[in-house]
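Coordinate analysis (summary)
Residues per chain are reported as follows:
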Amino acid sequence: DQQVKQNSPSLSVQEGRISILNCDYTNSMFDYFLWYKKYPAEGPTFLISISSIKDKNEDGRFTVFLNKSAKHLSLHIVPSQPGDSAVYFCAASARGNTGKLIFGQGTTLQVKP
Amino acid sequence: KAGVTQTPRYLIKTRGQQVTLSCSPISGHRSVSWYQQTPGQGLQFLFEYFSETQRNKGNFPGRFSGRQFSNSRSEMNVSTLELGDSALYLCASSPDRRSGANVLTFGAGSRLTVL
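Residues numbered from 1 in each chain as written. Chains lettered and ligands numbered in written order. Predicted model: local features only at pLDDT ≥ 70, side-chain atom pairs only at ≥ 80, totals over all residues. Heavy atoms only, no water.

Right, let's get into the environment of B:Asp85. Residues and elements named next belong to chain B. When you line up the elements, Asp-85 lands in the loop between strand 8 (74-78) and strand 9 (87-94). The class of Asp-85 is buried, set by a relative accessible area of 3%. Once residues lying within four places of it in the same chain are set aside, the contact partners of Asp-85 are Gln-36, Arg-63, Phe-64, Val-78, Thr-80, Leu-112 and Val-114. From its side chain, Asp-85 meets the backbone nitrogen of Glu-82 in a polar contact 2.8 Å long. (Helix = DSSP H or I, 4+ residues; strand = E, 2+ residues; numbered from the N terminus. Buried < 20%, exposed > 50% of the residue type's maximum accessible area, 1.4 Å probe, protein only. Contact = heavy atoms within 4.5 Å. Polar contact = N/O pair within 3.5 Å; in protein donor to acceptor, adjacent residues only side chain to side chain.)

Here it is in C-alpha cells:
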C-alpha cells in the first residue's frame, strides 16, 4: 500500500521554464509534507515543506501547493535551471511521527540548457 | 555546524555476515531515523530513535536493529545478510521540536553491497 505516490517517474523541461512535480497521498493523518532533492551517491537535501494548515508555501524559486481535499501537492520551480536536474522526492509525516517520513518513488527532473 | 556523518560510506559483505553502520547526528539533534533506499522499493523507513529509545519502527524483519547512545549517536545492525539487503542506508537527524517545522537532515549514506 503506497501511501505517497509520484506518478511521473521523469520530467524534462527547458531552462527558464516552469517545472511542476506532482505528488498524491492517501493517508488523511498526514499533516506535514516535504520535498527533498537527491543527487546520486548523496543523501536527500531538504527543499521546502508545508503544513496541512496552509495551502501554499514559497521559498525563492520553489513553491509548494497543497490541496487537502484532493490529497494532492505539487512543487513548482520557476525559473528552472540546469542545476535543478536531480531526483525529487515528496514525503509526508503524521502528527506525532515527525521522524517517520513516508516517501514517494521520486521524479527525475532534467532541465535542458 | 557539521552535518550528519555516516560511516562507512561503502562496504561489501557476503551473505550470512552481519554489518554495523554508524551515524553521528547534527549537534543538538536528539532524534535519529534510518532509511533504506533500493531501486525497487524506493526510500523506506526503518526506525527512529529518541533519547536512546526506539520511538518508531518500520516494516522490516528483526534482522534489522538499531540503538542510540547517550550522545545521540546511533548505530544500525543487519544480521544474516541477504542479497536483497544491498542498498543505500541513510541516517537522518532532527531537533524534534514540539511545534513548528521538524525537518529531517540526511547524511550521505552508507552503500552496502551483499555478494
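So much for the structure itself; the text now carries on.
Moving on, we get to the packing of aromatic side chains. Counted under the stated rule, the structure contains 13 aromatic pairs over all chains. Ring geometry for A:Phe103 versus B:Phe106: centroids 6.1 Å apart, planes at 65 degrees, classification edge-to-face. Residue A:Phe103 is found in strand 10 (residues 102-103), and its partner B:Phe106 is found in strand 10 (residues 105-106); the two belong to separate chains. Across the pair, B:Phe106 and A:Phe103 agree in class, each one buried. A connected cluster of aromatic rings, assembled from ring pairs, spans A:Tyr36, A:Phe46, A:Phe89, A:Phe103, B:Tyr35, B:Phe45 and B:Phe106. The cationic tip of B:Arg55 hangs over the ring face of B:Phe50; the distance from NZ or CZ to the ring centre is 4.5 Å. (Phe/Tyr/Trp six-rings, centres within 6.5 Å; stacked < 30°, edge-to-face > 60°. Lys NZ or Arg CZ within 6 Å of the ring centre and 35° of its normal.)

All names here are of chain B. With respect to the helices and strands, the residue Ser-93 is situated in strand 9. For Ser-93, a relative accessible area of 0% gives the class buried. The contacts of Ser-93, once residues within four sequence positions are left out, are Val-4, Pro-25, Ile-26, His-29, Ser-31, Val-32, Val-103, Leu-104 and Thr-105. In terms of polar contacts, Ser-93 uses its side chain to reach the backbone amide nitrogen of Ile-26, at 3.4 Å. A distance of 2.8 Å separates the side chain of Ser-93 from the side chain of His-29, its partner in a polar contact.

Residues and elements named next belong to chain A. Summarising the sheet, strand 6 (residues 56-59) and strand 7 (residues 62-67) pair through four bridges and their orientation is antiparallel. Note that in strand 7 the partner of Asp-59 across the bridge is Phe-62. With six bridges connecting them, strand 7 and strand 8 (residues 72-77) associate as antiparallel partners. Its bridge partner being in strand 8, Asn-67 is matched across the sheet by His-72. Linking two consecutive strands that pair antiparallel, namely strand 7 and strand 8, is a turn of four residues; a positive phi of about 55 degrees is found at Lys-71 within it. (Pairing = 2+ DSSP bridges.)

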